[in-house]
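Listed here are the chains, written in short residue letters.
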Amino acid sequence: MKNLRLKAARAAMDLSQEALAQQVGVSRQTINAIEKGDYNPTIRLCLAICHALGKTLDELFWEE
Amino acid sequence: MNYYLLGVLFGIVFALGAFLVAIRKKRHSGGCKYDERQMAGRGKAFQAGFFTLLIAGAVCNIWDYASPLPGGSFPWNVGAMLLGVAVFAVTAIHFDAYVAMNDNPRRFLTMGSFFIIAMAMTGLANLYSDRPERRMIGILNLSVGFVWVIIVAALLLHRRGAKKEEE
């Protein structure tokens with residue numbers, strides 16, 4: 001399932017996939033795969049993304 | 001100058017250069033860096049390559065046992081190894097896990113292309129050599145070059161597909 005909340009949060013901070021990937025120490029393709037729902041990141045990477053975007057885990061990754 | 005000596009000298013210079021590049025890379029950038037998704041992809045690629053090598057090697061040796069393969073079993077086993085390497089590389093490329101995050105893909109492709117040319121030239125020189133015992137080495141050179149053709153082609157196709165991806 002696509003993670004549109006992550007994409008929206010990244011866009012709100014005016015960050016490209018490449019810039020976010022550099023901040024959290026992964027490749028651009030990994031950020032792209034998470035946004036497309038092709039890859040389930042580890043909790044460590046989820047936390048790094050949340051810190052980079054100033055959001056909580058619930059806000060970005062909790063599925064209702 | 002003797003061509004054989006020239007080849008040996010070229011090999012020594014090439015190996016020394018590769019060694020120095022490896023040392024410099026280790027000191028300055030901490031070696032290849034892969035993220036968690038790439039590590040998982042490399043695991044799957046190693047698995048695919050290993051099982052391909054295992055199955056291809058078994059087929060070659062069973063076949064050779066039943067009826068001797070032309071040229072003996074050695075070149076066929078090397079072929080099985082090359083097949084395993086090719087399967088590893090293509091699977092890793094599929095998972096974006098062949099070129100490390102701190103590697104420059106363009107430089108990698110350039111080096112790969114030079115390697116293909118070097119292998120093709122050495123292979124053809126050996127294949128058309130006056131000494132028949134060098135022909136098998138020529139076939140192996142060309143096989144290694146062909147594996148690199150597959151790797152470079154897979155990388156180019158993958159990069160083309162990645163560029164089409166919307167951000």
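As a reminder, the structure under discussion sits directly above these lines.
Draft legend 1. Up close: the packing of helix α2 (residues 36-66) of chain B against helix α3 (residues 73-94) of chain B. All names here are of chain B. It is at 8 Å that the axes of α2 and α3 come closest, and there the two elements cross at 160°. Of the possible angle classes, the one that applies to α2 and α3 is roughly antiparallel. The handedness of the crossing between α2 and α3 comes out as right-handed. Classifying every residue of the contact of α2 with α3 gives 15 nonpolar, 9 polar and 3 charged.

Draft legend 2. View of the nonpolar core. By size, the foremost hydrophobic cluster in this structure holds 20 residues, and its most contacted members are Ala86(B), Ala89(B), Ala92(B), Ala97(B) and Tyr98(B). Of all elements in the fold, only α2, α3 and α5 (133-164) of chain B reach the threshold of two or more residues within this core. A per-element tally of this core places α3(B) first, with 9 residues. When residues no more than four places from it in sequence are discounted, the contact partners of Tyr98(B) are Ala89(B), Ala92(B), Ile93(B) and Leu155(B). Grouped together as the second largest cluster of nonpolar side chains are 12 residues, Leu6(A), Ala21(A), Ile31(A) and Ile49(A) included.

Draft legend 3. Fine view of the environment of Val24(A). Checked against the element boundaries, Val24(A) lands in helix α2 (residues 17-24). Here Val24(A) is in contact with Leu45(A), Ala48(A), Ile49(A) and Ala52(A), once residues within four sequence places are set aside.

Draft legend 4. Here's a closer look at the interface of chain B and chain A. Contact with chain B, which involves 9 residues of that partner, is made by 12 residues of chain A. The element contributing the most residues to the side of chain B that touches chain A is α2(B), with 3 residues. By residue class, the composition of the side of chain B that touches chain A is 2 nonpolar, 1 polar and 6 charged.

Draft legend 5. Quick peek at unusual backbone geometry. The backbone of Asp14(A) sits at a positive phi, close to 60°, despite the residue not being glycine. Here Asp14(A) lies in the loop between α1 (4-12) and α2. Of note in the backbone geometry, Asp96(B) takes a positive phi value of approximately 55° without being a glycine. Residue placement: Asp96(B) occurs in the loop between α3 and α4 (105-127).

What counts, and at which threshold
Residues numbered from 1 in each chain as written. Chains lettered and ligands numbered in written order. Predicted model: local features only at pLDDT ≥ 70, side-chain atom pairs only at ≥ 80, totals over all residues. Axes fitted to C-alpha atoms, helices over the stretch in contact; angles between N-to-C directions. Helix = DSSP H or I, 4+ residues; strand = E, 2+ residues; numbered from the N terminus. Parallel < 35°, antiparallel > 145°, perpendicular 65-115°, else oblique. Left-handed = near helix turned anticlockwise from the far one by under 90°. Nonpolar A, V, L, I, M, F, W, Y, C, P; charged D, E, K, R; others polar. Core = buried A, V, L, I, M, F, W, Y, C linked by C-beta atoms within 7 Å. Buried ≥ 20, exposed ≤ 12 C-beta atoms within 10 Å, placed from the backbone. Contact = placed C-beta atoms within 7 Å.

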